[in-house]
Amino acid sequence: MFFKDIAGKSEVKSNLKRNVEKNRIPHAQIFLAREGCGGLPMALAFASYLMCENKTDGDSCGECNQCIKSHKFVHPDIHFSFPVVKFGDKKRAETTSDDFLPKWREILTDNPFMSTREWLLHINAENNLPNINVKECNDIMHKLNMMSYESENKILIMWLPEYLGSEGNRLLKLIEEPTDNTYIILVAENQDHILQTILSRCQLVKIPNFEPHEISDYLIRHQQIPAHKAQQIANLADGNLNQALNISKNEATDYSDMLISWLRISYKSDPVEINKWISGIADMGKDEQKNFFEYGLHFFRQFIYKNLTKSNDVNLTQKELDTANKMESIIDLSKAEAIVALLNEAVENINRNINIKIMLFSDTLTIGELIRKK
Ligand SMILES: [Zn+2]
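The structure contained in this document is the topic of the report that follows. (Residues numbered from 1 in each chain as written. Predicted model: local features only at pLDDT ≥ 70, side-chain atom pairs only at ≥ 80, totals over all residues. Heavy atoms only, no water.)

1. Brief notes about the pairing of strand E3 (residues 154–159)
With six of its six residues buried, E3 lies for the most part within the structure. Taking every second residue as pointing to the same face, both faces of E3 are buried, with Lys154, Leu156 and Met158 on one and Ile155, Ile157 and Trp159 on the other. The pairing of strand E2 (residues 78–81) with E3 spans four bridges and is classified as parallel. Residue pairing for E3: Phe80 is matched across the bridge by Ile157. Relative to strand E4 (residues 182–188), E3 is paired through six bridges, and the arrangement is parallel. Across the sheet, Leu156 pairs through a bridge with Ile184, a residue of E4. (Buried < 20%, exposed > 50% of the residue type's maximum accessible area, 1.4 Å probe, protein only. Helix = DSSP H or I, 4+ residues; strand = E, 2+ residues; numbered from the N terminus. Pairing = 2+ DSSP bridges.)

2. What about helix H1 (residues 10–21)?
In this model, H1 (twelve residues) spans 16 Å end to end at C-alpha, consistent with the 16 Å of a helix rising 1.5 Å per residue. The set of residues buried in H1 consists of Val12, Lys13, Leu16, Lys17, Asn19 and Val20. The arc that holds the buried residues of H1, viewed along the axis, is 155 degrees, so those residues lie on one side. Opposite the buried face of H1, by more than 90 degrees, sit the exposed residues Ser10, Glu11 and Glu21. Against the buried residues of H1 lie strand E1 (28–32), helix H2 (39–51) and strand E5 (203–206). Once H1 ends, the next one or two residues include Asn23, with phi positive near 55 degrees. (Expected span 1.5 Å × (residues − 1). Arc of directions from axis to C-beta. Contact = heavy atoms within 4.5 Å.)

3. A short note on unusual backbone geometry
Even without being a glycine, Gln224 presents a positive backbone phi close to 50 degrees. Tracing the backbone shows Gln224 in the loop between helix H9 (212–223) and helix H10 (227–237). Positioned with a positive phi, Lys310 is a non-glycine residue whose angle comes to about 50 degrees. By the secondary structure assignment, Lys310 is in the loop between helix H14 (286–309) and helix H15 (318–327).

4. So, the side chain of Glu214
Along the polypeptide, Glu214 turns up in helix H9. Buried and unpaired, Glu214 has no salt bridge, with Lys9 as the nearest side chain of opposite charge at 5.3 Å. Once residues within four sequence positions are removed from consideration, Glu214 is found in contact with Ala7, Gly8 and Lys9. (Lys, Arg positive; Asp, Glu negative; His and termini not counted. Salt bridge = Lys/Arg side-chain N within 4 Å of Asp/Glu carboxyl O.)

Fair warning: the whole summary comes from geometry, so function is off the table for now.
Below is the structure:
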């Protein structure tokens, strides 16, 4: 992973690089980022940069002996630890991250922005409770106390220290009195779930969410998604690149067109048209249904914001902005607020697995009455 593969976050990157240049790298750091916001990629890019023998343009070179291994996640001095479950016939107490390394390298190659749930799906463990166990902690101490193999530095990247139970306290000595040139990076998503003893001994590096334009640039460059669509997805993804990637894979539909059709059909309230539209939505997967209603929420929240501030400085594409401008003559603030409440309820109902057709029929009639009201 290169720093340049992670959009934005320039302040975090330059601080990390400065620490390397000035040889002032903290021995234990916590990279704190929300899910899908680049904590693990940042740790991978940092590890490659630290190991690289030929750093160029503020990044690892990708070509030296160290880079060839670190970029494939097979560098013998970069150790990984992450939550796992029992492996094959092994007892859970005997299983460690090492048993899952091939799977780990696969998912890092495919998508290092992955969520915990996606990792568990990848190792067929979605119904198990993963953790980082005692044997893992003992192995880490052993690995980091050994001589390094190929570099003068040793690095441990632990993804999700939230899954360390109290056995995490076994690592305290390592964190407090590390061997020379040993660096520990804990990549966390939730500060409240990290052992206080560990948290207080590490330097905290807060990694901000992605900006919408960083997400849309990424989608345009890496996923070849058209610009207006990429912007729409980025606005929906709330700073989470992984969520944006999932939305872009799931949907073939333009949600803004769908939303406008729904409002138009609601206004006319022709039962035949309503039923056709409802069948279309009912045929979509649950995730896509949710994405649609969340899109509606996003649109109407921006619509309300625009209405209140009388400004066009909102998170909408030009096409959406045009729609919003046209809509203002029919939908006022109180109607928009009522629609937001209804959409919120719809998302909750989908999560509760209610009958979507019945819900949509009633919601469509309600919205129709609402819009027609003078
Ligand atoms: Zn290199």
